[in-house]
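# Notes for the structure review
Next come the chains, spelled out residue by residue.
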Amino acid sequence: MKKMIAFSTAAAMMLTMGTAAFADISTGIVGEEKNEWPNEFGFGGEIKVVRGEEALSYPLAEENEFDLQPGDTVYLPLYYTTKEGESVTIGASKEEMTGHVPYTGSIDKNWKLNFIDKSKDMIETAELYKANSSDKALVKGAVYVKAQTKAAYNSLDDLEFNIGVFVSERYTQNKTEQIQLKGVYSNPKSENMVDFEWENQVFEKAVWEVAEDQDGTATFNFNDDAYYTVKMFGGDKVMLDFDRTYNKEVANRYTEDLYFYNFRGDLDSFSATGTLTIPVEEEMYLYEVVNGALKTTNAVYNEENEAMELKTRNLGEYVLTPSKLDLSAETENEGSDNNSNENNSNNSGNNGIVEETPSQGENQENNDYLGGGNSDKGNPDTGAEDLVGLMTAMAVVSLTGIVLLGKKKR
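Report on the accompanying structure.

Let's shift gears to the nonpolar core. Among the nonpolar cores identified, the biggest contains 37 residues, and Phe43, Leu76, Val165, Val167 and Leu181 are the most heavily contacted of them. Elements with a contribution of two residues or more to this core: strand S3 (46-51), strand S6 (73-81), strand S7 (88-90), strand S10 (111-117), strand S11 (123-130), strand S12 (143-149), strand S13 (159-169) and strand S14 (179-185). The dominant element in this core, judged by the number of residues it contributes, is S13, at 5 residues. Core analysis: the next-biggest nonpolar cluster, separate from the first, contains 30 residues, Val202, Leu240, Tyr261 and Leu286 among them.

Below you can see the structure in the form of structure tokens.
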């Protein structure tokens, strides 16, 4: 049996000692009316993972294995069994169905989402959710457990996750069976290993890795807008994410033409110094955007190659302009930049990579959550503000919640 302790929001706010904390898990939109616990209520159908415009499907079972990425949304459908002689209308097609069917009724205010997460800072929110017509991959009107992974994962390594999920009803013994979600959580990966003979084409955000028995000089081609050539070694990993998005905040401070070359994130630091090459027809000026302000660089013009070249180990966000800029406008931001740099240095490890730390509302040891927080999106007060976690040894809190025992399903 796995013991979980539910705290009210007031008690959780009193937890000020130690490094462990607790996370809000909202329960979605709920009705004020009292519903009967649905007959043979539980999970069924297919798991849906929405990744951008793509929707992936996995048959749902007691134990489920699939991979997740930052920004993914997972939907676990809830089913129930209709009564004898009863039929229900399901989905936008209004199909009449009987038997074990998607649950399309109301979400009772006393239902509680139990979300047991041992995977270290992966899930941003989880809630009971009723699908609407804009959810193209879902059955309109059906109820799902909806879980959103965090938008960013600041690591090049895979994270194995193991999450237990079930729904229960407060003040009763009613609960669904618990299902397990297992797999690997990681940033998107390149389909190919780093190639030392041909250019490596970078079309989208991805982690690039060097085979353990390989090393050499690699060239990365960013849509022919920029190139980066660098010595790499066996086992090296970097995440490359490039775009040409126009930065209005910076551009509004200048009348000159500005061209932006943005290498996003903190995971594109290399073991050796390489050369960033930006093709140009004539000599131009290259600046780097640091904490929102422009800084000069040591870029030089290579007349033979007709390109601006910059020696660097860490790719950043750059501005190319045909005219030399007056950076006096940036001096106003210098103080705030220094403060930001100081804060960043306290949170950074080698090669400028930010070290991951548990977020507000998370238990460092096993990160167990119990649904019940307020989503702060205008949902009615459901009393679902309970937070779950294991108490830290030194924390002193006033307990106003109840003890729930979750059945361990393996």
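Below, the discussion takes up the pattern of salt bridges. Counted under the stated rule, the structure contains 9 salt bridges. One salt bridge in this structure joins Asp215 and Lys231, with 3.5 Å as the shortest N-O distance. Here Asp215, found in the loop between strand S16 (206-209) and strand S17 (216-222), pairs with Lys231, found in strand S18 (residues 226-232); they are 16 residues apart in sequence, far enough to count as distant. With a relative accessible area of 32%, Lys231 lands in the partly exposed category. Arg264 is the salt-bridge partner of Glu317, the closest N and O atoms lying 3.3 Å from each other. Here Arg264 lies in the loop between strand S21 (259-263) and strand S22 (269-279) and Glu317 lies in strand S27 (residues 317-321), a separation of 53 residues in the sequence. Judged by its relative accessible area of 26%, Arg264 is partly exposed.

Burial within S21 is extensive, with 4 of its 5 residues counted as buried. Relative to S27, S21 runs antiparallel, the two sharing 4 bridges. Note that in S27 the partner of Tyr261 across the bridge is Tyr318.

In terms of burial, S6 is largely enclosed, as 9 of its 9 residues are buried. Residue alternation in S6 divides its side chains into two sets, Thr73, Tyr75, Pro77, Tyr79 and Thr81 and Val74, Leu76, Leu78 and Tyr80, and both sets are buried. Pairing of strand S2 (residues 42-43) with S6 involves 2 bridges; the strand directions are antiparallel. Across the sheet, the residue bridging to Phe43 is Leu78, located in S6. Bridge count between S3 and S6: 3 bridges; the pairing is antiparallel. When the sheet's bridge partners are listed, Val50 is paired in S6 with Thr73. With 5 bridges joining them, S6 and S12 adopt antiparallel strand pairing. Bridge pairing in S12 links Pro77 to Tyr144. Here 3 bridges tie S6 to strand S9 (residues 100-102), and the two strands are oriented antiparallel to one another.

Mapped onto the fold, Asp243 is located in strand S20 (residues 242-243). By relative accessible area, Asp243 is classed as partly exposed at 22%. In the structure, Asp243 is positioned 18 residues away from Asp225 in sequence and 9.5 Å away in space, judged by C-alpha atoms. Beyond its immediate chain neighbours, meaning those up to four positions away, Asp243 contacts Phe260, Tyr261, Asn262 and Arg264. A polar side-chain atom of Asp243 sits 3.0 Å from the main-chain amide nitrogen of Thr245. Of note is the side chain of Asp243, whose polar atom sits 2.9 Å from the side chain of Asn262.

Once that is clear, we can look at the packing of aromatic side chains. Taken as a whole and assessed by the stated rule, the structure comprises 19 aromatic pairs. Between Tyr153 and Tyr185, the aromatic rings sit 4.9 Å apart at their centres with planes inclined by 50°, giving tilted as the arrangement. One end of the pair, Tyr153, is in the loop between S12 and S13; the other, Tyr185, is in strand S14, and 32 residues separate them in sequence. Of the two residues, Tyr153 and Tyr185, neither departs from the other in class, the shared state being buried. Clustering of aromatic rings is evident, with ring pairs tying together Trp37, Phe41, Tyr80, Tyr103 and Trp111. The residue whose ring lies beneath Arg244 is Tyr261, and the NZ or CZ to ring-centre distance is 4.0 Å.

Here we come to the sheet that holds strand S24 (residues 293-296). Taken together, the 5 strands give an open sheet; going across it, the order is S20-S21-S27-S23-S24, and neighbouring strands pair in antiparallel fashion. Of all strands in the sheet, those bounded by a partner on one side alone are S20 and S24. Bridging between strand S23 (residues 285-290) and S27 involves 5 bridges; their strand directions are antiparallel. Note that in S27 the partner of Tyr287 across the bridge is Val319.

Take the side chain of Asn187 next. Relative to the assigned elements, Asn187 resides in the loop between S14 and strand S15 (200-201). Looking at Asn187, its side chain comes within polar contact range of the main-chain oxygen of Tyr153, at 2.8 Å. Not counting residues up to four positions away in its chain, the partners in contact with Asn187 are Pro70, Tyr153, Ser155, Lys205, Val207, Met239 and Leu267.

Turning to its location among the elements, Lys94 is positioned in the loop between S7 and strand S8 (95-97). Taking the relative accessible area as the measure of exposure, Lys94 reaches 63% and is therefore exposed. Along the backbone, Lys94 and Lys140 are 46 residues apart, and their C-alpha atoms lie at a distance of 9.5 Å.

Calculation criteria
- Residues numbered from 1 in each chain as written.
- Predicted model: local features only at pLDDT ≥ 70, side-chain atom pairs only at ≥ 80, totals over all residues.
- Heavy atoms only, no water.
- Core = buried A, V, L, I, M, F, W, Y, C linked by side-chain atoms within 4.5 Å.
- Buried < 20%, exposed > 50% of the residue type's maximum accessible area, 1.4 Å probe, protein only.
- Helix = DSSP H or I, 4+ residues; strand = E, 2+ residues; numbered from the N terminus.
- Salt bridge = Lys/Arg side-chain N within 4 Å of Asp/Glu carboxyl O.
- Pairing = 2+ DSSP bridges.
- Contact = heavy atoms within 4.5 Å.
- Polar contact = N/O pair within 3.5 Å; in protein donor to acceptor, adjacent residues only side chain to side chain.
- Phe/Tyr/Trp six-rings, centres within 6.5 Å; stacked < 30°, edge-to-face > 60°.
- Lys NZ or Arg CZ within 6 Å of the ring centre and 35° of its normal.

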